Amino acid sequence: MQTIGLIGGMSFESSAVYYRLVNEMVRERLGGLASAELVMHSVNFEEIVAMQKAGDWDAAAARLGDAALRLQIAGARCILICTNTMHLIADQVASRISVPLIHIIDETARSLKAAGRKRPLLLATRYTMEHGFYSDRMKRLGVDVMVPEAADRTTVHDIIFNELCAGKVLDSSRAKLMEIIERERAKGADSIILGCTEICLILDPNKLPLPGFDTTAIHAKAAVDFSIGEEQSEENEAA
């Protein structure tokens, strides 16, 4: 089993989900009391949010690059940035290390293409929906991403930062998100990307009017595939 490195804390609510999912997947695949070999560097999210608001992505890249390097020194053989938004500076972070950075957009695009989905609706932070890095990379990978209208983008962003990142899961906000999904389904969306690692706290991808793709779970699975290998998983399942 190869050690997984997690850059967490953005927010710690979703980092806890990563930790649980990775360990559950390892136990399911290897059996018994198996759990993951992993190390986590959890940053102060308040500092990262200040950089986001200031548009100081170079400082954010330096901060997460330092975290990635520390994880590599600690023995991580792959690195995950446990948030969609900060993949805006994923290339800069990857340049600081010599082990693979498992990219959440790439893994999500593979899942969408494998399911034959070509026009997903992206629900995420304003940075992820509006900066172009997500949709541009998806397009290069053969997926055309839709985003909600401006007012709905504000609603999604506010639910993420004001509620989910603070541990608040409100039925009223779930209803708002479902209304947004219905509006975009009418415009041609064929699937939903839960494109913020906290959105899985409020929306179940299996209970949506369109097929849902939970980026947190997809990313965690990719880490486990790397760590123990799909062949090893298949051997244990056969046994």
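Notes on the structure in this doc start here. Counting restarts for each chain, with residues numbered from 1 along the sequence as it is written. Only residues with pLDDT of at least 70 are given local features in this predicted model, and only at 80 or more are side-chain atom pairs given and counted; all residues enter the totals for whole chains, interfaces and linings. To obtain the side-chain values, all non-hydrogen atoms of the structure were used and water was disregarded.

Some remarks on the overall build of the chain
We count it as follows: Every helix listed is a DSSP run of H or I at least four residues long, and every strand listed is a run of E at least two residues long, numbered separately from the N terminus. Radius of gyration: C-alpha atoms only; globule rule: 2.2 Å multiplied by the number of residues to the exponent 0.38. The criterion used for residue contact is that any of the two residues' heavy atoms lie within 4.5 Å. With residues, only the protein chains shown are counted as cover, and all accessible areas are computed by Shrake-Rupley using a 1.4 Å probe. We score Asp and Glu as negative and Lys and Arg as positive, and we do not count His or the chain ends. In this description, the location of a charge corresponds to atom NZ of lysine, CZ of arginine, CG of aspartate or CD of glutamate.
Along its length, the chain carries eleven helices and six strands. A compact globule built from 239 residues would reach a C-alpha radius of gyration of about 18 Å, and the chain, at 17 Å, matches this within 12%. Considering only contacts in the chain between residues 6 or more positions apart, those separated by 24 or more positions represent 75%. Carbon and sulfur atoms form 47% of the exposed surface of the chain, whose accessible area is close to 10,700 Å². In the chain, 26 side chains carry a positive charge and 33 a negative one; their mean positions are 3 Å apart.

Remarks on the layout of surface pockets
Here the idea is plain: a probe the size of a water molecule rolls over the atoms and shows the empty space left. Filter applied, for reference: Only protein atoms enter the 1 Å grid used here. Points where a 1.4 Å probe fits but cannot escape make up a cavity, open sets with protein on both sides within 12 Å along at least five of seven lines make up a pocket, and a residue lines them when an atom lies within 4 Å of a point. Grid points are joined across faces, edges and corners, and a volume is the space filled by probe spheres set on the points. Side-chain classes are defined by residue name, with Ala, Val, Leu, Ile, Met, Phe, Trp, Tyr, Cys and Pro counting as nonpolar, Asp, Glu, Lys and Arg as charged, and the others, Gly among them, as polar.
Estimates place the volume of the largest pocket at around 160 Å³. At three residues, helix α1 (residues 12-30) tops the list of elements feeding residues into the lining of the largest pocket. Its residues assigned to classes, the lining of the largest pocket shows six nonpolar, one polar and two charged.

Regarding the nonpolar core
Applied cut-off: What we call a nonpolar core is a set of buried Ala, Val, Leu, Ile, Met, Phe, Trp, Tyr and Cys residues that are connected through their side-chain atoms within 4.5 Å. Only protein chains enter the accessibility calculation, which uses a 1.4 Å probe; a residue whose area is less than 20% of its type maximum is buried, one above 50% is exposed, and one in between is partly exposed.
Counting 79 residues, the largest nonpolar core has Ile7 and Leu64 as the members making the most contacts within it. Top contributing element to this core by residue count: helix α3 (residues 57-73), with seven residues. Other than its neighbours up to four places away in sequence, isoleucine 7 contacts His41, Leu64, Ala67, Ala68, Leu71, Ile79, Leu80, Ile81, Cys82 and Val93.

Section: the packing of helix α8 (residues 150-163) against helix α9 (residues 171-186)
Filter applied, for reference: In this description, a line fitted to the C-alpha atoms serves as the axis of each element, helices being fitted only across the stretch in contact, and the angle between N-to-C directions of two axes falls anywhere from 0 to 180 degrees. Should an angle lie under 35 degrees it is considered roughly parallel, over 145 roughly antiparallel, and from 65 to 115 roughly perpendicular; all remaining angles are considered oblique. Two helices that cross are described as forming a left-handed crossing if the nearer one is turned anticlockwise from the farther one by less than a right angle, and a right-handed crossing if clockwise.
Look at α8 against α9: their axes get within 11 Å of each other, and the N-to-C directions meet at 150°. Taken together, the axes of α8 and α9 are roughly antiparallel relative to one another. Between α8 and α9 lies a crossing of left-handed hand. Residue-level inspection shows Asp152, Thr155, Val156, Ile159 and Glu163 of α8 in contact with α9, the latter providing Ser173, Lys176, Leu177, Ile180 and Arg183. Among the residues making up the contact of α8 with α9, the classes are represented as four nonpolar, two polar and four charged.

A closer look at the pairing of strand β2 (residues 38-42)
Selection criterion: Note on pairing: two strands pair once DSSP finds at least 2 bridges between them. Crossover handedness is defined here as right-handed if the route from the first strand over the helix to the second strand goes clockwise, with the strands pointing away from the viewer.
Bridge count between strand β1 (residues 4-8) and β2: five bridges; the pairing is parallel. Counterpart to isoleucine 4 in the pairing with β2 is leucine 38. Crossover β1 to β2 through α1 is right-handed.

What to know about the side chain of threonine 108
Its location among the elements puts threonine 108 in helix α5 (residues 104-114). Threonine 108 has contacts with Tyr134, Met138, Ile193, Thr215 and Ile218, leaving out every residue within four places of it along the chain.

Examining the packing of α5 against helix α10 (residues 215-228)
Where α5 contacts α10, the two axes come as close as 9 Å, and the packing angle between them is 100°. Considering the angle they form, α5 stands roughly perpendicular to α10. Residue-level contacts link Ile104, Glu107, Thr108 and Ser111 of α5 to Thr215, Ile218, His219 and Ala222 of α10. Residues that form the contact of α5 with α10 fall into these classes: three nonpolar, four polar and one charged.

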